[in-house]
2 protein chains.
Amino acid sequence: MKHTHPDGRAGDTRGLGRSAGAPADQTTVRRSNLSLVLRHVSERGQCSRSTVAVETGLNKTTITSLVGELQARGLLKEIGPQHAGSVGRPSLALVLDGSRVGALGVEVNVDYIAAFATDLAGRVLVDRRIGVDAMGSDPARALDKLAQVIGRTVADLDQLGVALAGITVAVPGLIDTAGGTVVLAPNLGWHQVPVAERLRSAGISPNVPITVDNDANLAALAEYSSGVAMGTPNLVYLTGEVGVGCGIISGGRLLNGADGFAGEAGHVIVDPDGEECGCGRVGCWETKVGLAALVRMATPDDAYGVSPQVVRDPEERLAEIEQRRAEGDPRVEAAVTEVGRWLGRGAAMLVNLFNPRVIVLGGYFAQLADRIIPVAQAELERLGMTAAADRCSFAASNLGFGAASRGAVHVVIERVLSDPTTIAIRNT
Amino acid sequence: MKHTHPDGRAGDTRGLGRSAGAPADQTTVRRSNLSLVLRHVSERGQCSRSTVAVETGLNKTTITSLVGELQARGLLKEIGPQHAGSVGRPSLALVLDGSRVGALGVEVNVDYIAAFATDLAGRVLVDRRIGVDAMGSDPARALDKLAQVIGRTVADLDQLGVALAGITVAVPGLIDTAGGTVVLAPNLGWHQVPVAERLRSAGISPNVPITVDNDANLAALAEYSSGVAMGTPNLVYLTGEVGVGCGIISGGRLLNGADGFAGEAGHVIVDPDGEECGCGRVGCWETKVGLAALVRMATPDDAYGVSPQVVRDPEERLAEIEQRRAEGDPRVEAAVTEVGRWLGRGAAMLVNLFNPRVIVLGGYFAQLADRIIPVAQAELERLGMTAAADRCSFAASNLGFGAASRGAVHVVIERVLSDPTTIAIRNT
């Protein structure tokens, strides 16, 4: 697993990125240089100290001191001896260690909680998914369950001798990332839920940083760092769930906006004469392409499926729809086509605004990709600005339900690479 | 004038930002360090060599060598003597020089060409605007005129003893920035016009880099670096011209997208049953809020004003509309309200997607701001996601017609700060 740095925090080194008049002190410089060396070895792979010196421009004495500290923090190790080049003398090589440093990503969704943990080098340590009816219970009960899942995972990591560098929780909603609070998660029925604070009071150690972020944003990071569009610096991630999630990578960075609310494509109004949305407005894009919309169109004679709140067990409903289609119900095919058409219309808007090279489809969009994509692509080309639409294509995600928790792990690892001093020096 | 660095290029120092496996050589390191020191002094203002050494983490020998080179390139100078601190010994202070290095921004629009030039420290050297009917003539004639304006400005700068570091040309259209080609500028009637190449063959020296960019993107940069929303890292700039221009600053950087086409908000389809747009599609946002739309709604009995192509002399048309309003024509007020309403609807989409803190209005939107903004703000709050809409407000630009050319100058200066070696060493 190669760690890219999509959020661009790598750039905040050596005082750059600070505003004028805020001089760096020696501690800041030291921290930046530790990050510089760690990230360099992480991206480049195995290399000698002298290579790091030449490539970073830091002098050898400084490198020796920095490498020593990174070793003490369990982030780098030396292997070797080997030849630095065809004529070089034998030397030890530096590689990323981090086998005792873990990152945990947790996703809360309408019907499950997923936990995914790796060490710093990307080795998978935990990967579990537990069915939970978060939508049907009050937030307090869902949070208890969340704390329980996290507690169990932390204990497992502890047994493996891995210290946790941080936890990132993915939630389908608007998140106040600074405070770790879910401002609004309509499909969970959450409003102003202080997730980080609740987890802390449920016993998560104060030494472990907890962050909370939007699930689609984190999934977009996962697609960028390890999915079908890996390394594509301009991509849009769209996931069809009960609602619609959207995360945007632009210029190699996650688009956050002023409050972390960017990318709320599901609630852009596309049909003012349309259906009422769970958010209270009318004609949001979600009412055209969310799973609830597909259910409503495919099974108009059923009582349920009119509002997102009544689409329980999304996967069961999808399986049911597929079953009906296999039985030859023409309404199913028509509904899928209609979803594809509206997906293309919304995509035209996103392509005009973000000029992405790829639109990655997750959730149920990915499961129906072979039938949805051709319709959506045609609509995109008809309605989007030609120059941008012609250079953009759809791709189905292959990360499955793990995308958000994978992206959450990525965020924790990025934080360690940006500030290695967050990992304590060990007594070994 | 404080030089911020909205495009984040500052981050590309010391090998960061490079992909793995592309090691920096000594030349790259030297260039990055020159940039580091120059940008540091530029942002911080007057400071001593030892301060620069402490704050950048570079050693004093290196600083001496770097400062010497930056002086030879005419980018830094020393003033003094003065005290470094209350107990320091007297020392010379470094300040940005650049008085002999000029940056030129040129804007081509429907009815004028504007040229704006400053030195590296932001001192205005040239500021002129020439009425030209670019829309009514073929591209070749407009380009001749452009080359003529540039040639005259370069000669003026030459007389002042200022060497030109670069030229950036702002055009209202989709730009292939890599090739310096206008892919499509509907309101100018341009299609695949190789602007940079044509200027080169018209005699602009091959030593002067020429770049071409979208006018609204450049105006957004100007708003971020020196306008009403100066320093606001998440802002959307919207300008009402014959068409509608849009530029987005997100996380302190201009949003470009994969090909530089991002921010084409004017051609997002908002009313599929609406009017035909100049781009060939139906119901683009531009058909609701562009000046042509205002003219059409305010003066429905006139034969002209139906298509953007017939809105000649935009300012005259706007003056005419204001005149009618003063005479009590109720259709004018109704039309302005309708524009405000559609502006708010589009803004709700932009706020959901970009979560900006401010939407800066330029062009005719700014001129009608007191009547348009209240209507637009109400509509934004009604239709946008509450959490994001409540924290976003509209502001009228005060940069006037100079915004794009000002942003163009900013791009040239940024390039010098990112790579000081683009400025030749002088023999003095």
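This one's a predicted model, so the numbers in the text were calculated from it and none came from an experiment. (Residues numbered from 1 in each chain as written. Chains lettered and ligands numbered in written order. Predicted model: local features only at pLDDT ≥ 70, side-chain atom pairs only at ≥ 80, totals over all residues.)

With that settled, consider the overall build of chain A. Across its full length, chain A holds 14 helices and 16 strands. Here chain A holds 428 residues, and the buried ones make up 55% of them. (Helix = DSSP H or I, 4+ residues; strand = E, 2+ residues; numbered from the N terminus. Buried ≥ 20, exposed ≤ 12 C-beta atoms within 10 Å, placed from the backbone.)

Turning our eyes to something else, we now look at the domain arrangement of chain A. Residues and elements named next belong to chain A. Looking at the assigned domains, one finds that chain A contains domain 1 (9–96), domain 2 (101–218 + 404–418) and domain 3 (231–398). In this complex, domain 1 contributes 9 residues to the contact, which on the side of domain 2 involves 6 residues. With 4 residues, the top contributor of residues to the side of domain 1 that touches domain 2 is helix 1 (residues 26–44). Within the side of domain 1 that touches domain 2, the residues separate by chemical class into 4 nonpolar, 3 polar and 2 charged. (Domains from an automatic or database assignment. Contact = placed C-beta atoms within 7 Å. Nonpolar A, V, L, I, M, F, W, Y, C, P; charged D, E, K, R; others polar.)

On to the sheet that holds strand 10 (residues 190–193) of chain A, then. Sheet strands pair via backbone hydrogen bonds, and the direction of the pair is either parallel or antiparallel. Residues and elements named next belong to chain A. Across the sheet, 3 strands lie side by side as 8-9-10; this open sheet has antiparallel pairing. The open sheet terminates on both sides in strands that have one partner only, identified here as strand 8 (174–176) and strand 10. Adjacent strand axes in the sheet meet at a mean angle of 20° when their direction is disregarded. Two strands pair when backbone bridges link them, and strand 8 and strand 9 (residues 181–185) are joined in this way by 3 bridges, in the antiparallel orientation. Looking at strand 9, one finds that leucine 174 is bridged to leucine 184. (Pairing = 2+ DSSP bridges. Axes fitted to C-alpha atoms, helices over the stretch in contact; angles between N-to-C directions.)

Residues and elements named next belong to chain B. Here 3 strands make up an open sheet; going across it, the order is 8-9-10 and the pairing antiparallel. Both outer strands of the open sheet, strand 8 (174–176) and strand 10 (190–193), are each paired with one neighbouring strand and no more. Strand-to-strand twist in this sheet, taken as the mean axis angle between neighbours without regard to direction, amounts to 20°.

This part takes up the pairing of strand 6 (residues 124–131) of chain B. Residues and elements named next belong to chain B. Sheet topology places strand 5 (residues 112–119) next to strand 6; 7 bridges connect them, and they run antiparallel. Among the inter-strand pairings, phenylalanine 116 is bridged to a residue of strand 6, identified as aspartate 127. From the end of strand 5 to the start of strand 6, which pair antiparallel, there are 4 residues, and glycine 122 there has a positive phi angle of about 95°.

All names here are of chain B. Examined against the element boundaries, valine 193 turns out to sit in strand 10. A count of 22 C-beta atoms within 10 Å places valine 193 in the buried class. Along the chain, valine 193 and glycine 180 lie 13 residues apart, while their C-alpha atoms are 8.9 Å from each other. Discounting chain neighbours no more than four positions away, the residues touching valine 193 are Pro139, Thr181 and Val182.

Before going further, it helps to examine the packing of helix 1 (residues 26–44) of chain B against helix 2 (residues 49–56) of chain B. Residue and element names in this part refer to chain B. Remark: helix 1 packs on helix 2, axes separated minimally by 11 Å, with the N-to-C direction vectors making an angle of 115°. Judged by the inter-axis angle, helix 1 sits roughly perpendicular to helix 2. Our pair here, helix 1 against helix 2, has a crossing hand that is right-handed. Contact with helix 1, carried on its side by Leu36, Val37, His40 and Val41, involves Val52, Glu55 and Thr56 of helix 2 and no other residues of that element. Residue classes in the contact of helix 1 with helix 2 are distributed as 4 nonpolar, 2 polar and 1 charged. (Parallel < 35°, antiparallel > 145°, perpendicular 65-115°, else oblique. Left-handed = near helix turned anticlockwise from the far one by under 90°.)

All names here are of chain A. Examined against the element boundaries, valine 162 turns out to sit in the loop between helix 4 (139–159) and strand 7 (163–171). On a C-alpha basis, the gap between valine 162 and glycine 102 in space is 5.8 Å, while along the polypeptide they are 60 residues apart. Each residue touching valine 162, except ones within four places of it in the same chain, is listed here: Arg100, Val101, Gly102, Asp119, Leu125 and Leu157.

With that out of the way, let us pick up helix 2 (residues 49–56) of chain A. Residue and element names in this part refer to chain A. Of the positions making up helix 2, those classed as buried are Arg49, Thr51, Val52, Glu55 and Thr56. Axial view of helix 2: buried residues confined to an arc of 160°, hence all on one face. Immediately downstream of helix 2, the backbone of glycine 57 shows phi near 80°, a positive value. (Arc of directions from axis to C-beta.)

This brings us to the nonpolar core. A general tendency of soluble globular proteins is for nonpolar side chains to be buried together. Of all hydrophobic cores here, the largest spans 264 residues; its most connected members are Val37(A), Val106(A), Val169(A), Val37(B), Val106(B) and Val169(B). Apart from the residues within four sequence positions on either side, Val37(B) is in contact with Val52(B), Thr56(B), Ile63(B), Leu66(B), Val67(B) and Leu70(B). (Core = buried A, V, L, I, M, F, W, Y, C linked by C-beta atoms within 7 Å.)

Once that is clear, we can look at the environment of Gly245(B). Residue and element names in this part refer to chain B. Structurally, glycine 245 is set in strand 13 (residues 244–250). Measuring from C-alpha to C-alpha, the distance between glycine 245 and histidine 267 comes to 9.7 Å, with 22 residues separating the pair along the chain. If we skip the residues at most four places from it in the chain, glycine 245 touches Pro172, Asp215, Ala216, Thr239 and Gly266.

Taking 1.5 Å of rise per residue, the 19 residues of helix 1 of chain A would be expected to cover 27 Å, and the 27 Å separating its terminal C-alpha atoms lies within 8% of that figure. Looking at the residues trailing helix 1 of chain A, positive phi occurs at Gly45(A), about 80°. (Expected span 1.5 Å × (residues − 1).)

With phi around 50°, Gln192(A) is a residue other than glycine that occupies positive phi space. By the secondary structure assignment, Gln192(A) is in strand 10. Accessibility expressed as a C-beta count within 10 Å gives 10 for Gln192(A), which makes it exposed. Although it is not a glycine, Asn355(B) adopts a positive phi angle of roughly 50°. Mapped onto the elements of the fold, Asn355(B) is located in the loop between helix 10 (330–354) and strand 15 (358–362). Among the residues examined, Asn355(B) registers 28 C-beta atoms within 10 Å and is labelled buried.

Turning to the confidence of the model for chain A, a few remarks are in order. Averaged over all residues, the pLDDT of chain A equals 86, while 88% of them reach at least 70. With pTM at 0.86, the complex prediction returns an ipTM value of 0.85. (pLDDT = per-residue confidence, 0-100.)

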